[in-house]
Amino acid sequence: MRILIIGNGGREHALLWKLRKDAPSAHFFATKPNGGMAPLCEPVEIAPGDVEALSGWAAAHRIDLTVIGPEAPLAAGIVDRFEAKGLPVFGPSKDAARIESSKAYSKELMRNAGVPTAEHHTFTNLDGAEAFVRERGAPIVVKASGLAAGKGAVVCTTEEEALGAVRSMLGDLAFGEAGREVVIEEYMEGEEVSVFAVTDGEHSVILVPAQDHKRIGEGDTGPNTGGMGAYAPVTLATPALIDEARAKVFTPTLAAMSADGAPFRGLLYAGLMLTPSGLRVVEFNCRFGDPETQVVLPLMESSLLDLLVSVAEGGSLAGRTARQRSTAAVTTVVASGGYPGAYEKGKEITVPNDLESEDLIVFHAGTAYRDGRLLTAGGRVLAVTAVADSFAAAAEASRTGAERIEFEGAYLRKDIGWRERARTLG
Ligand code: AMP
Ligand code: GLY
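Residues numbered from 1 in each chain as written. Chains lettered and ligands numbered in written order. Predicted model: local features only at pLDDT ≥ 70, side-chain atom pairs only at ≥ 80, totals over all residues. Heavy atoms only, no water.

### What about the packing of aromatic side chains?
For the structure shown, the criterion picks out 7 aromatic pairs. Ring geometry for phenylalanine 29 and tryptophan 57: centres 5.3 Å apart, planes at 70°, overall edge-to-face. With a gap of 28 residues between them, phenylalanine 29 in strand 2 (residues 27-31) and tryptophan 57 in helix 2 (residues 51-60) connect regions that are remote in the sequence. Assigned by exposure class, phenylalanine 29 and tryptophan 57 land together as buried. On the numbers, 5.5 Å between centres and 65° between planes, the contact of tyrosine 231 with phenylalanine 391 is edge-to-face. Residue tyrosine 231 is located in strand 15 (residues 229-232), and its partner phenylalanine 391 is located in helix 12 (residues 391-403); the two are separated by 160 residues in the primary sequence. One exposure class covers both tyrosine 231 and phenylalanine 391, and it is buried. Ring-pair connections join several aromatic residues into one group, and the members of that group are Phe196, Tyr269 and Phe288. (Phe/Tyr/Trp six-rings, centres within 6.5 Å; stacked < 30°, edge-to-face > 60°. Helix = DSSP H or I, 4+ residues; strand = E, 2+ residues; numbered from the N terminus. Buried < 20%, exposed > 50% of the residue type's maximum accessible area, 1.4 Å probe, protein only.)

Next comes the structure, spelled out in structure tokens:
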């Protein structure tokens, strides 16, 4: 079997790692693989966003399955291109990817389908948006409707801040086209959980729930990042809560999308807020989360590949489930100094030879080999995942493992899973 992975971050390294376990004899390819992926696959020197060139390459190389990591190629219609050429591909169509690429679309869909979420209004006109902010007051949340690399949501604690956010999006186009339309929504209180469903458009296989850490600073302070660490499972996300998410979120959302002529086949990621009045959706993503994938896949005992192939080939997931290990996983991201602001690249990385083991995996994100040396090549550089019998042991192993990786300016959060620790230790 010949498998192509599009993307080259920590999430894609984790996908490659898991799919190689599921199919040890398969032949793997990846677009511009990072330093951790490169030894495990053949490189394809085409950018993940070059949809035309990639579909041509996949056809010429008789690829049996293509798995799309990032949202940008999905929103650009890569799946439609591959399907037009008869190539099996895992991911949603361009229309279905709007669940992430247009918050205005996703909020409207949820409202119509009765899926619990924050109340919202959509604006393209600055005066209207300002008047709405003044009428509602703070706290309030202002979001660019389009793709903004996880940075398009501003949680505003004052009216002034919210007015500033709408002016920068609609007035100054600070997020470019993505912010020409803004969603202004009610502030929700609660803890967040990321839930991934592999879906055929109707049936879903829900994977173990995880919790991300979006802020750069310990105790969840400072600016938002792509995610500084994650853990799974989350004791707050009980089996009953997952059943509720299936009934109130996944099933009605998928039904509404099919009715809309945009069935969602791929990985549907629901960011849920567990509020005092029950679960509500914060956002949907049309792909695996990063760094949650780096804890969800190491805990998956059954084959991911079987599920992806079924979906890519147009099959059904009715009656299918995933078997999870009964252990816990924690991942700690090691980032470049200065991230999520400006940072330098090209710092030499030292990973101790005895660091990795069966239960300690170093997933690369922004790394590259140059002349045999491993160098930093991005903001989030690596994610160190530990699997252990308890959350506490996994957290300890992930943190101490991450601390052993050295490069100039390396930064990590030492408190990944602090909410879980507070819960489990009382
Ligand atoms: P999003 O880009 O929609 O995922 O939002 C980014 C982050 O902003 C979320 O992970 C939440 O922490 C926060 N956030 C988004 N929407 C809300 C909301 N309505 N109420 C409270 N926090 C929110
Ligand atoms: N970890 C958040 C995301 O992947 O969107």
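Don't stop here, the text continues.
### Observations regarding empty space enclosed by the protein
Applying the stated rule across the entire model yields 2 cavities of 30 Å³ or more. Roughly 60 Å³ of volume is contained in the largest cavity. Where the lining of the largest cavity is concerned, the elements lending two or more residues are helix 5 (98-101), helix 6 (103-113) and strand 17 (278-285). Of the residues forming the lining of the largest cavity, the biggest block, 4 residues, is contributed by helix 6. Looking at the lining of the largest cavity residue by residue, the classes come out as 4 nonpolar, 1 polar and 5 charged. Here the second largest cavity is characterised by a volume of approximately 30 Å³. Lining the second largest cavity are Asp290, Pro291, Gln294, Val333, Ala365, Arg380, Leu382 and Ala383. Residue composition of the lining of the second largest cavity, grouped by class: 5 nonpolar, 1 polar and 2 charged. (1 Å grid on protein atoms, 1.4 Å probe; cavity = no way out; pocket = protein on both sides within 12 Å on 5 of 7 lines; lining within 4 Å. Points joined across faces, edges and corners; volume = space filled by probe spheres on them. Nonpolar A, V, L, I, M, F, W, Y, C, P; charged D, E, K, R; others polar.)

### Structural notes on unusual backbone geometry
Cis peptide bonds are those with omega within 30 degrees of zero, and the linkage from alanine 138 to proline 139 qualifies with -5°. Turning to its location among the elements, proline 139 is positioned in the loop between helix 7 (126-136) and strand 7 (140-144). Following aspartate 290, the chain continues to proline 291 via a peptide bond in cis, the omega torsion being 20°. Tracing the chain through its elements places proline 291 in the loop between strand 17 and helix 10 (293-296). One non-glycine residue with positive phi stands out, namely aspartate 371, at about 50°. Turning to its location among the elements, aspartate 371 is positioned in the loop between strand 20 (367-370) and strand 21 (373-376).

### Here's the deal with the site of ligand 1
Glu185, Met188, Glu192, Lys214 and Glu283 are the nearest of the 15 residues found near ligand 1. Lysine 103 places a polar side-chain atom, nitrogen or oxygen, 3.1 Å from an oxygen atom of ligand 1. The contact in question runs from a nitrogen atom of ligand 1 to an N or O atom on the side chain of glutamate 185, over 2.7 Å. In isolation ligand 1 offers 480 Å² of accessible surface; the protein chains occlude 91% of this area. Where the shell around ligand 1 is concerned, the elements lending two or more residues are strand 7, strand 8 (153-156), strand 9 (182-186) and strand 17. Of the residues in the shell around ligand 1, the class split is 8 nonpolar, no polar and 7 charged. (Near = heavy atom within 4 Å. Polar contact = N/O pair within 3.5 Å; in protein donor to acceptor, adjacent residues only side chain to side chain. Areas by Shrake-Rupley, 256 points an atom, 1.4 Å probe, with all protein chains shown as cover.)

Just geometry here; none of it tells us what the structure is for.
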